Each structure stands twice: as C-alpha cells, then as structure tokens.
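Report on the structure
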Amino acid sequence: MKFKLIYPKWEKLEGQTTFNLPPHGPVVMAAALPAYVHIEFVDENVDELTFDDDADFIGISMMLTGQIKRGWQIASEYHKRGKKVIFGGISTMLHAEETLEYADSIFLGEAEGRLEKVFDDFRNDKLQKVYNYLAVHPDINTIGPARRDILNKEKYYHKGVRMVDLFHASRGCKYNCYPCAVAYLGGKCFRPRPVDRVVEELATIDNNRLFIVDNSLAQDKQWELDLFREMIPFKKNWCSHPIENDDEVLDLAAQAGAWFVYQAVFDTSDYIRDRIKRYHDHGIAVEGTILLGTDDHTEDDIKRLIDFLLEINLDLAEFTVLTPFPHTKAYDDLLRQNRIIDHDWNNFNAGKVVIQPKHMTPERLQELYHYAWDTFYKDESQSEKMFKLFRTVIMKEIANGTYKPVREELANRSFGKKVNR
Amino acid sequence: MIKHFNKDINSDYFDEVYDFKGQWDVPSRCGLKIVKNEQHTVVIATELYAENPGTSVTNFCAPLATLIGFAFTIDPGKMMFIVHTPDAKSKLTFMNENFYRVDFSWDGNRFIDPKWSQIAKSRVDELIGLAPKL
C-alpha cells in the first residue's frame, strides 16, 4: 500500500534568515508504520507537492499552528480526487475539532503501536473518524529509531552546508510554562527514553550536527548525566533546549558535544545573567529566546530587556511575541479576558501580534518586536553571529576529526532551490 | 474528599478535587466548591495547573458546567459558574489569583457559548459567605 505523508508549508517570518530543518514528527511516525506500507514523504517547504498521483492513502502531519490552514487545503484537493486523508501531529492535536471538519480521520496522541489498527481499518474500509490516544502514552521503552530514510536529504542543505538532524531523548514535560502546550501534548510527566535506546538511535544518524528537540533536558539530573556520558563517544555537536544549571551536568554536556542551547530570557535578573555565564564558562553558546508582550512588559521593560541581552553577550537572540496557542495558560487567560484580537491561525506564527497587550497597543508591540530584532543585531547581523557560531562547530569538528567539508555540488543550492553562491 | 491537591492552592475556594473526562475523554481534574445562597448555586471550579493531567477548566467550561450540574442536581437557571485561577506563587503578575464569572446559554440539554467576566475576590467571598460580617 502506498501512503503519501505530507508536511504542509508555512509562511516564514518576515526579515529573518530562513532555515528548513528536516522535520521530526513525520520520521518518528514513519517508524511506527506497518511493514507493508510504502511511504512517500513530501515536505512542502522544500519539495514540490503534486496532487495527481497513485497514493492509496494520504497523511498530513502538522507541527505548527501556521500549517493547519494549508493542511486543510491539501486535504480538500485530495478529497476532490477521491482520496482519504488522515491528519496527525502536534497541531492536529491542538486544533483537533476544526481539523476534523476537513479529515476522513484524525490521529491524536503518539503513534507507536497504534498504526497497525489505523491501516487495517483503512484496508477494510472501516477507517474511524478519530483515533484518540491522548490519554494513554505508549511504553517509552518501545520507542526506537526514527525513519530518517524517508527524507529527501539533499533538500536540507544551504549552500552545501547540511542542516542539523532532529532527534528526541524524552517525551512529556513536568513544567507547565505559560505559553507552552507541551504538557498538554506529551503529558505532565517527564518520560525519558532509556539511554540505551537513545544511543541506538544516535548510531543510526549519519549527521554530525544535531538538534535535540526535547522541551527541556533539565528534568532529571541523573538521567542527563547518564545520557551525556553515553553520548561522548559519538563526537556529535548539538543544540538543545535548556540543560540543568549544574556544573557537573554542564561539564558532561560540553564533553558530549553541547554546541549551543536555546535558553528563555524572561527578565534582567542576576539569575539569568549567571545562567548565561555558566553556559559560556563551559564553552556552550546561548541563543536567547525572548518572549515579548506578556502582561509584565511595558515599553520600558522591553527596551531594558534588549539592552540586557547585549550586556550578557548572548550569542544569538530570537524574539517572539506572546501568542496564545490553544491548550496553554496564555490561551486560557487571554480567552477569558477577551484579548485575542486575531483568529486567523496563519497569523499565529509568534511574529505577528494577535493579542491585545496589557500595557500598549498591538501596533506598538509589533513595532517593539521589530525594534528588538533590529537593535540586537545592529552592530553584528544575524548572519554574522550565526557564522561565528558555525565556525565554533567547525573548529570542534576539525579538532575531533569529524569535520566533513561543504558539498561543493550543492554550493549553489539552498533547500533544493538554485541560489547565487 | 480532597485528594492530591497542591497545598499552595488557596483551599478557601475548593472543598474537593473533581475528576472528569475532559476534551477527547482525557482524564482531567479541577478543584470544586459548591455553595447555595439565596439566589444562586455558586459553583467554583479551580484550575489545578500541574496537578491537572488533562483539559483546563477554561477549555472545557461549558461541558464541565453541564457535567457538574447533572452530577450535583443543580438547576441550570440557578447555577453561577466561577473559574478560579489560583496564585501560582510566581513573581510574574499574570500568575496571580483571579476569578471569572462565566455566563452560558442553556440549549435545553447543556450549557453552551461561555462568556467570561472577571469578578473581584471580595464579591466571590460575599457569594459563598466568606465575607466578614459587618
């Protein structure tokens, strides 16, 4: 049976460097498919999508809220051609009721051990409208290596440089952060994968540069120590979300190849200053993730925060505006207060203001968002800062003998499209 | 019976933990206090944040009010439904304690179309008889 799995495109943020990373959800889902299913994967961000094909069954995998309307359009095109369409992925779970209107079926939850039934039902013309596994997670021990073989790998190069590969070492999150839906999606219990299963997966990845996509690694110190210790021999370099604020853990993380971390910077406190310094002391760079427009932010607070970012020598900064994704406390609060002013899901990209901020107009917050990007990168552009970060990883790779040169034959292509060198 | 609740949550506003099947039947829970006064049956549903494994009260307001109404035999015309978001003990002001009255329409079988309006803690105290007698 031929199953065509599509990852819809989304509008990229204005004025920012666009990188297309190989998606993670589809490769994890593909690993759970029954053996008789032949999968064709199309990432619409880098591949051309055509609708007239011989696929038996269509899957649409959606991670971002900004993908869902395009996902619905794609489903409608396939319905015109008499194909059945199933939706899955994070934003299907966040927008399940709406997505159901465009779907023959939706899959909610984690895929391991559940897809045999879905495909059996499809083959027997008994496809259910909803496969709901939100309440019961699969045994974390059963999660094996993702199927990265479905990716068109050459499309994830920019001017001959390969993008990082994504992998995950845990699911769920014990934190309940204001703007985040992960606790709803993966459960409020941290579920680390056994280290030997993570190592098994690492051994299958031929890319020296990785992005560990777990929400936060800083949830179980002993597991983190064990994980990093086992990762050292692989000589990978990787970025991740926060690592435990502990010298022993950070030291091992650095030995295991921690390249840079995404660290939320939410105020100008000494705690944040020390947190960033500690990463730097261990040779780990920091990309600050800065959320603008919370109820604690006045214009002055935002400007002071940006000055602070420059003071603490962040290696990179990524600014977003508070966006109320469903199933977050932010969404609940702003919904109750009738402060969600834009309901077009395409605008829920964290770069467009869709709420009424407490201390300023939406237009002013939008201006401050642009001000933040412009001010932080005034003296050294985003590309220059990225290049510096890139140079550090090359130096590390040269030192440990894992450096792979730029692929010259792809030097005039960016994510599959022709560009000037 | 109160079970598994965060001791930091102000228990003036809940007497029990109420377990319910939330959106997509996900096991969910909230704090619950029901007080009858002369005009209303006041139902306070408290968000339990990390202690709630499933759907939030806000996300499930109308079905939850319906469930509670049937479970405790409350006249829909007399129910006053209040969402309590307790103080999350954070320095962030948007994690402070708040109360919202929710008005619904009744379609004959269930509550629909929730509309929230913030109300003062002192007003909630009056409604449930916690206000000091003058």
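About the thresholds
Residues numbered from 1 in each chain as written. Chains lettered and ligands numbered in written order. Predicted model: local features only at pLDDT ≥ 70, side-chain atom pairs only at ≥ 80, totals over all residues. Domains from an automatic or database assignment. Helix = DSSP H or I, 4+ residues; strand = E, 2+ residues; numbered from the N terminus. Nonpolar A, V, L, I, M, F, W, Y, C, P; charged D, E, K, R; others polar. Buried ≥ 20, exposed ≤ 12 C-beta atoms within 10 Å, placed from the backbone. Arc of directions from axis to C-beta. Contact = placed C-beta atoms within 7 Å. Core = buried A, V, L, I, M, F, W, Y, C linked by C-beta atoms within 7 Å. Pairing = 2+ DSSP bridges. Axes fitted to C-alpha atoms, helices over the stretch in contact; angles between N-to-C directions. Parallel < 35°, antiparallel > 145°, perpendicular 65-115°, else oblique. Left-handed = near helix turned anticlockwise from the far one by under 90°.

Further remarks concern the domain arrangement of chain A. All names here are of chain A. Partitioning chain A into domains gives domain 1 (2–140) and domain 2 (161–400). One C-alpha centre belongs to domain 1, the other to domain 2, and the line joining them spans 26 Å. Sorting the residues of the side of domain 1 that touches domain 2 by element identifies α2 (68–80) and α3 (90–94) as the ones contributing at least two each. Broken down by element, the side of domain 1 that touches domain 2 gets its largest block of residues, 3 residues, from α3. Its residues placed into classes, the side of domain 1 that touches domain 2 shows 9 nonpolar, 7 polar and 3 charged.

Moving on, we come to helix α9 (residues 247–255) of chain A. Residues and elements named next belong to chain A. Taken together, the buried positions of α9 are V249, L250, L252 and A253. When α9 is viewed along its axis, its buried side chains cluster within an angular range of 165° and face the same direction. Residues of α9 that are exposed and point over 90 degrees away from its buried face: D247 and E248. Taken together, the buried residues of α9 touch α8 (221–231), β14 (258–264) and α10 (270–281).

All right, on to the nonpolar core then. Counting residues in each nonpolar core, the largest one holds 111 residues, and the members touching the most others are A:A253, A:I290, A:L292 and A:A372. Residue-level mapping places this core at the junction of two domains, with at least three residues from each of domain 1 (2–140) and domain 2 (161–400) of chain A. If we ignore the near neighbours within four places in the chain, the residues touching A:I290 are A:V265, A:L305, A:L309, A:A317, A:E318, A:F319 and A:A372. In this structure, B:F14, B:C61, B:I68 and B:V83 belong to the second largest nonpolar core, which totals 28 residues.

Our next topic: the pairing of strand β2 (residues 27–36) of chain B. All names here are of chain B. In terms of strand pairing, strand β1 (residues 16–21) meets β2 through 6 bridges, oriented antiparallel. For K21, the partnering residue across the bridge sits in β2 and is P27. Counting the residues that bridge the hairpin from β1 to β2 gives 5 residues, and of these W24 lies at a positive phi of roughly 55°. Pairing analysis gives 6 bridges linking β2 to strand β3 (residues 41–46), with the strands arranged antiparallel. For L32, the partnering residue across the bridge sits in β3 and is A45.

All names here are of chain A. Across the interface, helix α11 (residues 299–311) lies against helix α13 (residues 362–376) with an axial gap of 10 Å and an inter-helix angle of 15°. One way to sum up the angle between α11 and α13 is to call them roughly parallel. The way α11 lies across α13 gives a crossing that is right-handed. Counting all contacts with α11, which are made through E299, I302, I306, L309 and L310, the residues of α13 involved are R364, L368, A372, T375 and F376.

Before going further, it helps to examine the sheet that holds strand β2 (residues 38–43) of chain A. Residues and elements named next belong to chain A. The strand order across the open sheet formed by 6 strands is β2-β1-β3-β4-β5-β6, and the pairing between neighbours is parallel. The open sheet is flanked by β2 and β6 (130–132), the only strands paired with a single partner. Across this sheet, the average inter-strand angle for adjacent strands is 20°, counted without regard to direction.

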